[in-house]
Amino acid sequence: MSEVLDNLLYSEEHEWAQQGEGRVVRVGITDHAQHLLGDIVFVEFPEVGAAISAGDSVGSIESVKTVSELYSPVSGKVTKINDALEASPELINDQPYGDGWIFELELDAEFAEAVTGLLDAAAYKELVGE
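Figured I'd write up the structure that's included with this text. Counting of residues starts from 1 at the beginning of each chain's written sequence and follows it residue by residue. In keeping with the model being predicted, local features are shown solely for residues with a pLDDT of at least 70 and side-chain atom pairs are shown and tallied solely at 80 or more, while totals for entire chains, interfaces and linings include all residues. Side-chain measures were taken over the full set of non-hydrogen atoms in the model, leaving aside hydrogen atoms and water.

**Describing the overall build of the chain**
Consideration 1: Working definition: helices are DSSP H or I runs of at least four residues, strands are E runs of at least two. Numbering for both runs from the N terminus. Counting secondary structure elements, the chain contains five helices and nine strands.
Consideration 2: Our radius of gyration is a C-alpha quantity, and the globule rule it is checked against amounts to 2.2 Å times the number of residues to the power 0.38. Scaling as 2.2 N^0.38, a compact globule of 130 residues should have a C-alpha radius of gyration of about 14 Å, and the chain matches this with 13 Å.
Consideration 3: Projecting the C-alpha coordinates of the chain onto the three principal axes gives extents of approximately 35 × 35 × 20 Å.
Consideration 4: Here the chain, with 130 residues, has 47% of them falling under the buried criterion.
Consideration 5: Contacts in the chain between residues far apart in sequence, at least 24 positions, make up 62% of those at least 6 positions apart.
Consideration 6: Accessible surface is estimated by sampling points in the Shrake-Rupley manner with a 1.4 Å probe; for residues, cover comes only from the protein chains shown. For the chain, the accessible surface area stands at approximately 6,600 Å², while carbon and sulfur atoms represent 45% of it. Three exposure classes are used, based on accessible area relative to the maximum for each residue type with a 1.4 Å probe and protein chains only: buried under 20%, partly exposed in between, and exposed over 50%. Any pair of residues with heavy atoms lying within 4.5 Å of one another is described as a contacting pair.

Have a look at this one:
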């Protein structure tokens with residue numbers, strides 16, 4: 001059974017979004033997604049400074065099984081990537097909601113407006129059948 005945290009919001013593509021300071025949002029993939037992928041060996045990040053829209057493919061995650069697209073759950077400008085994943089992409093498997101975060105962005109809109117359409121924990125659990 002996958003872990004789903006109540007303090008995060010989720011996309012149907014299995015990314016999570018966590019509100020930070022001001023308009024900053026941290027993004028990663030869910031525990032469910034990392035279980036499906038298996039052992040992660042490489043992460044292709046979005047470019048810092050890139051303006052992205054919710055639903056855009058912004059990179060990829062490669063595992064021993066497959067390559068999966070990484071989508072942005074919200075719109076904004078990429079401000080930071082998790083450099084630690086370059087040397088240790090397995091952090092996503094070990095701590096998908098902690099040290100395995102992938103990128104941060106500054107939202108184009110206020111948080112409440114920007115996350116319209118994302119799922120709360122209960123809705124995400126229903127989506128993945130848990």
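**Section: a nonpolar patch on the surface**
Consideration 1: Residues forming no salt bridge and having over 30% relative accessible area are the ones grouped into patches, like charges within 9 Å of each other and nonpolar side chains (Val, Leu, Ile, Met, Phe, Trp, Tyr) within 5 Å. We count a salt bridge whenever a side-chain nitrogen from Lys or Arg sits within 4 Å of a carboxyl oxygen from Asp or Glu. Among the surface-exposed residues, Val41, Phe42 and Val64 lie close enough to one another that they form a single nonpolar patch of about 280 Å² accessible area.
Consideration 2: Counting through the fold element by element, Val41 comes out in strand S4 (residues 40-44).

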